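Spelled out, the chains give:
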Amino acid sequence: MSGMVVYSVCAMCGARCPIQVQVEGGECKFIQGNLHASGIKGALCARGVSGLSLVEDRDRPQFPMLRQGGRGEGKWKRISWDEALDLAASKLEAARIQHGGKSILWSDCGGPHADLRHALCRALGSPNYTAAESACAANVHHAALSLFGFDRDRLVYDYRRAKAVVLQTFNPFEAIDVKEVNELLDGIQSGARLTVIDVRASVTAGKADRFLMIRPGTDYALNLAVINLLLTRELYDAKFAAAWIKPEDLEALKAFAAPYTPEYAQAETGIKAEEIIALAEELAKAAPAVIWHPGGNASRYNDSFHLARSAYIINALLGSIGSKGGLPLLVRPRHLGRQGLKRFLDLFPQPEEKRADGVGSTLPQFAGGPGLLHLAFKAMASGNPYPLKAYVVYNHDPLKSYPEPDKLKKALEKMDFLLCVTPTWTEIAWQADLVLPLSPHLERESALAQRNGLKPTFQMRARCVDPRFDTKPDWEIFTGLASRLGVSELTFDSIKDIWAWQLQGTGYSLADFEEKGFVELVDKPVFRSMEVYKFPTASEKIELVNPKWEAQGLVSLAPYVQKAPVPKGSFRLTLGRCPVHTVSYTQNNRLLNEMMPDNELWMNYDIGRRMGIHDGAEVEVKSNGHGGRVKARLSEFIHPEAVFMVRGFGHDLDVETRARGRGLAETQLMPGGLDKFDKAGGGLALQEYVVRVMRL
Ligand SMILES: Nc1nc2c(c(=O)[nH]1)N[C@H]1C(S)=C(S)[C@@H](COP(=O)(O)OP(=O)(O)OC[C@H]3O[C@@H](n4cnc5c(=O)[nH]c(N)nc54)[C@H](O)[C@@H]3O)O[C@H]1N2
Ligand SMILES: Nc1nc2c(c(=O)[nH]1)N[C@H]1C(S)=C(S)[C@@H](COP(=O)(O)OP(=O)(O)OC[C@H]3O[C@@H](n4cnc5c(=O)[nH]c(N)nc54)[C@H](O)[C@@H]3O)O[C@H]1N2
Ligand code: SF4
Ligand SMILES: [Mo]
């Protein structure tokens, strides 16, 4: 092939895989995973490939747009970038002068390229930088924090060397991160035994040695029974426990887990006691090369925080925390005696103001991190603890990813200024005062990203082709705002200057990225020793009972609360991903829309037939009077109490010509959902809904 290969980074989802693109005559001709990246093996998922159709998509915003009519009316005026950036800067400055920097709320996709944006938010004096975490992994983050004193990213999943892997409420062969998929497949090929615990037979379940179909929402009972077995049958790693678990905590855990026998768990979960015993014994044999995954999107039930804790506790009892083949400690450049990328965030002091969502103040057990966005919405609506006046949204759509979008729309009326930076139309952008169209990833560069792991890496997103519309890359938008706001530290004229600044002191230069698009700081995976390690907790050990939570009246070892059986004709709503769509981002993407234009409601075949429902028939789904219509998909491989939907459908905007009116938005089924959250973990409970399904 003629032309050239450009190494870059995919942005069709948060995994941010390294890619390579064949570019000819200013067009992207072919896209694949970066062949130099050993974890990627040249592979991309369907969404990664659809980056190509995003570039050519005429449905996306093509120039800066200023709202003319009322919010959401869809009347826009095209303005120039200079006008747009001047306006945005003056509105943010007005909020800062009149109400203080804290009156600016920022929600962002986060991730490895976010440093510059987070720094700008901090430079404006706002503590209110958030991401969608409270509808995603907040419960797992906080479970890790409560046990280990650090967040979940500080442990790596060493699938390649694992001997046994348990995936619970986690479906990585459909909820894809290419590197994770490859590593898990490598692990399976090297003999790792895979157990999958799910309410339905997912693609991941199809690869399992042991598939446990569980009654929805009862996983915590299962895990407590496993803990009970490990302790009572002395299957646990006593040496690890002696080193890292306080004796009084271990005694407390033993007493707490005693009632949760395998028979108890069988009655709750529907999984046979023998199966649970066999699993516990198998894990003990494979220990410490065991991974019991604590889950990705863990905003599901009232006990999701405790479920994630129980998964980590199982790992600890098996000695797999910090172990090869288990959950080794994350390696950062400094662990190798090297310097990491310079951080823009470190240029600015942390604002002294309290966060609007209460993290670190009214919720003192949580620290740092991306906050709890649903509580920031409450603050937006009530003006408590202080008024929020400006809202910046980057690469995120809270009107699709949080329940009760109408409540949020109402709260938005209180905003003096709503700015959305986005490559595609979103419901929130439609409500904005100003829409700044972001160039899709194949048309933009971004600041360098540091990827920590067993092999720390710096990765570069380079531009493959020039923007075909009047859009701009993220760095240009945010440095443009910074220069207008007088933030000289973040004022740069070119991406090369940004990259060079980030690389200062690392020993690398831009030329080092030419060959592969990334640099690895070591050749081989590095395993940090646990011998000298101290957990960053008060006791320097794993805290099964955490004093910070207890001081808030939040019990560390929380009893399992039984799930009532669902009434006839009703089902527990369960949600998940599919391989060809990203959250609510891609439903209008031409390639992916062709592959899957609608979502469906999975329901158990026998139950459906008894209700007179045929496969493919339209049904009505209602939750407390709210809901809509969707096509039924009958399957023998889903628990009779569950219905399952792929999320992110039901788009309303006329400008999304392909996605509009297709499928059902699951948020329709979540009345009162912004209030359903657990103070112990901070995550929303998006599956605490019993829905009625009716034949039409
Ligand atoms: N009801 C319900 N709510 C949920 C979930 C659920 O399963 N059900 N899942 C939760 C989870 S796990 C998460 S992570 C959140 C995600 O919530 P969001 O972050 O809001 O989801 P996305 O659809 O990925 O992104 C929203 C928009 O951001 C823009 N965008 C996406 N990717 C990029 C990018 O790489 N660059 C730029 N510049 N813009 C981009 C697109 O315009 C896209 O439409 O939702 C959570 N909310
Ligand atoms: N293709 C694709 N990949 C993605 C994403 C995407 O949008 N598309 N998003 C990324 C993001 S932001 C995230 S957070 C992850 C999310 O990925 P995951 O954490 O895997 O989350 P889900 O796909 O929501 O659900 C996983 C499984 O949980 C099952 N489940 C539902 N209820 C229960 C229950 O009560 N008990 C048990 N045991 N199982 C249950 C579902 O059937 C589903 O198969 O995926 C990431 N990868
Ligand atoms: S998993 Fe797929 S969509 Fe996500 S970054 Fe990787 S290739 Fe892109
Ligand atoms: Mo997520």
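Throughout, residues of each chain are indexed from 1 in the direction in which the sequence is written. Going through the entries in the order they are written, you letter the chains from A and number the ligands from 1. In view of the model being predicted, local features appear only for residues whose pLDDT reaches at least 70, and side-chain atom pairs are presented and counted only at 80 or more, with totals across whole chains, interfaces and linings using the full set of residues. Excluding hydrogens and water, the side-chain figures rest on all heavy atoms present in the structure.

## Details of the packing of aromatic side chains
One pair of aromatic rings is described through two measures. These are the centre distance and the angle between the planes. Each Phe, Tyr or Trp ring, with Trp reduced to its six-membered ring, pairs with another whose centre is within 6.5 Å; inter-plane angles below 30 degrees give stacked pairs, above 60 give edge-to-face pairs, and intermediate values give tilted ones. Considering all chains together, one arrives at 23 aromatic pairs under this definition. Measuring from ring centre to ring centre gives 5.3 Å for Trp 244 and Phe 535, while their planes differ by 85°; the resulting arrangement is edge-to-face. Separated by 291 residues along the polypeptide, Trp 244 in helix 9 (residues 238-244) and Phe 535 in the loop between strand 17 (518-520) and helix 20 (547-551) bring together distant segments of the chain. Residues Trp 244 and Phe 535 agree in their burial class; the two are buried. Taken together, a centroid distance of 5.8 Å and an interplanar angle of 75° make the contact between Phe 344 and Phe 492 edge-to-face. Of the two residues, Phe 344 is situated in the loop between helix 13 (304-317) and helix 14 (373-382) and Phe 492 in the loop between helix 18 (474-484) and helix 19 (495-503); the sequence distance between them amounts to 148 residues. Numbering of helices and strands starts at the N terminus; helices are DSSP runs of H or I of at least 4 residues and strands are runs of E of at least 2. Three exposure classes are used, based on accessible area relative to the maximum for each residue type with a 1.4 Å probe and protein chains only: buried under 20%, partly exposed in between, and exposed over 50%.

## Focus on the pattern of salt bridges
A side-chain nitrogen of Lys or Arg and a carboxyl oxygen of Asp or Glu constitute a salt bridge if their distance falls within 4 Å. Here the structure, examined in full by the defined rule, presents 45 salt bridges. Here Asp 86 and Arg 484 are joined by a salt bridge, their closest N and O atoms 2.6 Å apart. Here Asp 86, found in helix 3 (residues 81-99), pairs with Arg 484, found in helix 18; they are 398 residues apart in sequence, far enough to count as distant. The salt bridge partner of Arg 633 is Glu 600, with a shortest N-O separation of 3.5 Å. Remark: Glu 600 occurs in strand 19 (residues 600-604) and Arg 633 occurs in strand 21 (residues 626-635); sequence separation between them is 33 residues. A relative accessible area of 31% places Glu 600 in the partly exposed class. Among the charged side chains, a salt-bridge network with shared partners connects Asp 108, Arg 117, Arg 444 and Asp 474.

## Structural notes on the pairing of strand 9 (residues 193-198)
Most of strand 9 sits inside the fold, with 5 of its 6 residues counted as buried. For strand 8 (residues 164-168) and strand 9, the ladder comprises 5 bridges, and the chain directions are parallel. Among the inter-strand pairings, Val 165 is bridged to a residue of strand 9, identified as Leu 194. Crossover connection from strand 8 via helix 6 (residues 178-189) to parallel strand 9: handedness right-handed. We treat two strands as partners when DSSP finds at least two bridges between them. In this structure, strand 9 lies alongside strand 10 (residues 210-213), joined through 4 bridges in parallel fashion. Of the residues in strand 10, the one forming a bridge with Val 196 is Phe 211. For the handedness criterion, the strands are oriented away from the viewer, and a crossover whose path from the first strand over the helix to the second runs clockwise is classed as right-handed.

## Quick notes on the nonpolar core
Residues Phe 148, Tyr 312 and Leu 317 are the most contacted members of the largest nonpolar core, which totals 108 residues. The element contributing the most residues to this core is helix 8 (residues 219-232), with 10 residues. By definition, residues are in contact when any of their heavy atoms lie within 4.5 Å. Setting aside residues up to four positions removed in sequence, Leu 317 forms contacts with Ile 227, Leu 230, Leu 231, Tyr 236, Asp 237, Ile 245, Leu 250 and Leu 253. Residues belong to one nonpolar core when they are buried, are Ala, Val, Leu, Ile, Met, Phe, Trp, Tyr or Cys, and are joined through side-chain atoms within 4.5 Å.

## Details of the domain arrangement of the chain
Quoted interface sizes are often the accessible area lost when the parts come together. By domain assignment, the chain separates into domain 1 (4-56), domain 2 (65-131 + 347-520), domain 3 (156-328) and domain 4 (570-695). Distance between the C-alpha centres of domain 1 and domain 4: 30 Å. In this assembly, 10 residues from domain 1 lie in contact with 11 residues from domain 4. Both faces considered, domain 1 and domain 4 share a buried interface measuring about 770 Å² in area, 58% of it formed by carbon and sulfur atoms. Scanning the region where domain 1 abuts domain 4 turns up 1 salt bridge. Note that Arg 590 is salt-bridged to Glu 56, the shortest N-O span being 2.7 Å. Polar contact criterion, stated in full: a pair of N or O atoms within 3.5 Å, where within protein one must be able to donate a hydrogen and the other to accept it, and residues adjacent in sequence count only if both atoms are side-chain atoms. For the pair domain 1 and domain 4, the number of links is 6 residue pairs in polar contact (both at pLDDT 80 or more). Looking at the side of domain 1 that touches domain 4, the elements that each hand over two or more residues are helix 1 (46-49) and helix 2 (51-56). Classification convention: Asp, Glu, Lys, Arg as charged; Ala, Val, Leu, Ile, Met, Phe, Trp, Tyr, Cys, Pro as nonpolar; all other residues, Gly among them, as polar. In terms of residue class, the side of domain 1 that touches domain 4 is made up of 6 nonpolar, 2 polar and 2 charged. Residue ranges assigned to the domains are those given by an automatic or database domain assignment. When two components associate, each loses some accessible surface as probed by a 1.4 Å sphere; the sum of these losses over both components is called the buried area.

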